[in-house]
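The residues making up each chain are set out below.
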Amino acid sequence: MKKQTHLLHAGRNAKENFGIVNPPVYHASTVTFPTVEAMNKAGENPTEGIYYGRMATPTSHAFEEAVAALEGADKAIAVQSGLAAITGAILAFVKNGDHILVTDSAYFPTKKFCNTVLKGFGVETTYFNPTIGSNIEKLIQPNTKVIFTESPGSLTFEVQDIPAITKVAKDHKIITMIDNTWAAGYFFNAFDHGCDISIQAATKYIGGHSDVMLGTIALGDDLYKKVKTYVYGLGYCAAPDDCYLAQRGIRTLPARLKIHEENGMKLASWLKEQPEVKRVLHPAFEDCPGHDIFKRDFTGACGLFSIVLQDHYSEKAVASMLDGMELFPMGYSWGGYESLMIPFNPKGARNASSWEDQGPCLRLHAGQENVEDLINDLDKGFERLNKG
Ligand SMILES: *Cc1c(COP(=O)(O)O)cnc(C)c1O
């Protein structure tokens, strides 16, 4: 079965559910057992069955089945947010005295977790330049337990050579993780490229409607029990209504991504021709570091990318552009049906790589609006930008 077909069917069980197309939402804390024997038996292997509400419900299992199908993984674990998926997955593999390698282009809260929580626990983080490739071997220490990648990187979109990194990691028996949110687990198959764990903020494209907080950890059977037991122990669990909504999101993910991709490409192409724009940081464009790797390893692009404006624009001019946008409100997060834009400055967030551009940066999310309307809005925005 092709993935598009598989995604429509995974995690459904109409036969067991009166023929109804979508699985029901189970709200549960207590799961009751009829006998002491049944209770003890369930306790022997709690990560597999329905044991306690925080461990799993049929609703979370159904969603996780669909995520595993999406990512091409044996299993998936749903947790309450994308950041919880990242922190839970990392914590499952480190202890005091260990060391991890994290891409410098990681989502900033991931870095903040490393710099505060992990540091406090005596786990050291070394950031690496996202374009490092197989040279990552030079940064490996005897106590390195995890290599954490994110490709393309948050805000600046460097595409990483994941096969080169995972090959080195395998030689050293180090677990590799990728934050696969940008590709939505759809345009990049983490496991075909050697990753052990693929993480997503399902909050973004899987949810797809800006109304769900959810994270997913996709992984092989060999790692499932370890990670599931760990995140259960941390108290992490995904809410049933969010699992239900996100599972609906998976059914329409390929169709929605097609529109985001197309609108993103059209916006980026138009922006590239504008005199106000110095660089377009979209993996499908040559300006973007790792563009060749993108062409080799990815099957498409989502609607999220950035631009660097010319050097001379002031903060005030940028604010005047952004404040007047009709179709690009400012907001964190992305992956819903609507367009968004935020200003950012990569300079302060760099540890292992430098940022040379002087001009202000904008991150855009191409939503599903008519693209001519979006371009008109940007065009008027540039008029405000030029007026200062
Ligand atoms: C949004 C985001 C996260 C965090 O997801 P939440 O659900 O908001 O916690 C993690 N990684 C990336 C790349 C993101 O864009």
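The structure we're discussing is the one just above.
Fair warning: this is a prediction, and the values are worked out from it, not measured in the lab.

(A) The packing of aromatic side chains, seen in detail. Scanning all chains against the criterion turns up eight aromatic pairs. A centroid spacing of 6.0 Å and a plane angle of 70 degrees characterise the contact between Trp 182 and Phe 298, whose relative ring orientation is edge-to-face. One end of the pair, Trp 182, is in the loop between strand E5 (175–179) and strand E6 (197–201); the other, Phe 298, is in the loop between helix H9 (291–297) and strand E9 (304–309), and 116 residues separate them in sequence. Grouping residues by exposure puts Trp 182 and Phe 298 together as buried. Here the aromatic rings of Tyr 186 and Phe 187 are separated by 5.4 Å at their centres, their planes lie at 65 degrees, and the arrangement is edge-to-face. Taken together through their ring pairs, the aromatic side chains of Trp 182, Phe 188, Phe 294 and Phe 298 make up a single cluster. Here the basic side chain of Arg 54 rests over the ring of Tyr 232, its NZ or CZ set 4.7 Å away from the ring centre. Seen from the ring of Tyr 224, Lys 75 lies directly overhead, with NZ or CZ sitting 4.9 Å from the centre.

(B) Just the site of the ligand, in detail. As a structural note, the neighbourhood of the ligand is formed by 14 residues, with Gly 82, Leu 83, Asp 179, Thr 203 and Lys 204 the closest of them. At 2.5 Å from an oxygen atom of the ligand is found a side-chain nitrogen or oxygen belonging to Lys 204. Note that an oxygen atom of the ligand is positioned 3.4 Å from one of the side-chain N or O atoms of Trp 334. For the ligand, whose unbound accessible area comes to 380 Å², protein coverage reaches 91%. Here the ligand is seated within the largest pocket. By residue number, the principal contributor to the shell around the ligand is helix H4 (residues 82–91), which donates three residues. Here the shell around the ligand is built from residues that sort into six nonpolar, five polar and three charged.

(C) Structural context of the pairing of strand E10 (residues 340–344). Along E10, four of the five residues are buried, which leaves the element largely enclosed by surrounding structure. As judged from the five bridges shared by E10 and strand E11 (residues 361–365), these two strands associate in the antiparallel manner. Pairing of Pro 343 across the sheet is with Leu 362, part of E11.

(D) Structural view of the environment of Ala 317. Within the element layout of this structure, Ala 317 appears in helix H10 (residues 315–323). Given the relative accessible area of 2%, Ala 317 is considered buried. With near-sequence residues (within four places) excluded, Ala 317 lies in contact with Arg 384, Leu 385 and Gly 388.

(E) View of the layout of surface pockets. If you add up the space inside the largest pocket, you get close to 760 Å³. As for the largest pocket, its lining consists of 38 residues, and the residues nearest its centre are Tyr 107, Phe 108, Pro 109, Ser 154 and Arg 363. Per-domain counts for the lining of the largest pocket show at least three residues from each of domain 1 (3–251) and domain 2 (253–387).

(F) Structural view of the nonpolar core. Within the largest apolar cluster, 46 residues are counted, with the highest numbers of intra-cluster contacts made by Phe 63, Trp 182, Leu 214 and Phe 298. Of all the secondary-structure elements, those providing two or more residues to this core are helix H3 (58–71), strand E1 (75–79), helix H8 (240–272), H9, E9 and E10. For this core, the element with the most residues is H3, which contributes six residues. Both of domain 1 (3–251) and domain 2 (253–387) provide at least three residues apiece to this core. Residue contacts for Phe 63: discarding those within four places in its chain leaves Ala 78, Ala 202, Ile 206, Leu 214, Thr 216, Cys 243, Ala 246, Gln 247 and Ile 250. Listed in part, the 32 residues of the second largest apolar core include Ile 77, Ile 86, Ile 90 and Leu 91.

(G) The arrangement of the pairing of strand E2 (residues 99–103) in detail. Across the five residues that make up E2, a large majority, five, are buried. Of the two faces of E2, the one carrying His 99, Leu 101 and Thr 103 and the one carrying Ile 100 and Val 102 are both buried. As judged from the five bridges shared by E2 and strand E3 (residues 124–128), these two strands associate in the parallel manner. Among the inter-strand pairings, Leu 101 is bridged to a residue of E3, identified as Thr 126. Crossover E2 to E3 through helix H5 (residues 108–120) is right-handed.

(H) Structural context of the sheet that holds E10. Taken in spatial order, the four strands of this open sheet run E8-E9-E11-E10, and their pairing is antiparallel. For this open sheet the edge positions go to strand E8 (277–281) and E10, each flanked by a neighbour on one side alone. Each strand of the sheet is rotated relative to its neighbour by a mean of 25 degrees, with strand direction disregarded. Against the sheet, H8 contacts E8, E9 and E11, and its axis sits at roughly 10 degrees relative to E9.

(I) Up close: H10. For H10, every residue scored as buried is listed here: Ala 317, Val 318, Met 321 and Leu 322. Taken down its axis, H10 places every buried residue within 135 degrees of arc, on the same side. Facing away from the buried side of H10 by more than 90 degrees, the exposed set consists of Glu 315, Lys 316 and Asp 323. Buried residues along H10 sit in contact with E9, E10, E11 and helix H11 (371–387).

(J) Examining empty space enclosed by the protein more closely. Following the criterion strictly, the structure yields one cavity of 30 Å³ or more and no others. In this structure, the largest cavity occupies an estimated 30 Å³ of space. Asn 22, Pro 23, Tyr 244, Gln 247, Arg 248 and Arg 251 together form the lining of the largest cavity. Its residues assigned to classes, the lining of the largest cavity comprises two nonpolar, two polar and two charged.

Thresholds, definitions, all that
Residues numbered from 1 in each chain as written. Predicted model: local features only at pLDDT ≥ 70, side-chain atom pairs only at ≥ 80, totals over all residues. Heavy atoms only, no water. Phe/Tyr/Trp six-rings, centres within 6.5 Å; stacked < 30°, edge-to-face > 60°. Helix = DSSP H or I, 4+ residues; strand = E, 2+ residues; numbered from the N terminus. Buried < 20%, exposed > 50% of the residue type's maximum accessible area, 1.4 Å probe, protein only. Lys NZ or Arg CZ within 6 Å of the ring centre and 35° of its normal. Near = heavy atom within 4 Å. Polar contact = N/O pair within 3.5 Å; in protein donor to acceptor, adjacent residues only side chain to side chain. Areas by Shrake-Rupley, 256 points an atom, 1.4 Å probe, with all protein chains shown as cover. 1 Å grid on protein atoms, 1.4 Å probe; cavity = no way out; pocket = protein on both sides within 12 Å on 5 of 7 lines; lining within 4 Å. Sits in = over half its atoms within 2 Å of the grid points. Nonpolar A, V, L, I, M, F, W, Y, C, P; charged D, E, K, R; others polar. Pairing = 2+ DSSP bridges. Contact = heavy atoms within 4.5 Å. Points joined across faces, edges and corners; volume = space filled by probe spheres on them. Domains from an automatic or database assignment. Core = buried A, V, L, I, M, F, W, Y, C linked by side-chain atoms within 4.5 Å. Right-handed = clockwise from strand over helix to strand, strands pointing away. Axes fitted to C-alpha atoms, helices over the stretch in contact; angles between N-to-C directions. Arc of directions from axis to C-beta.

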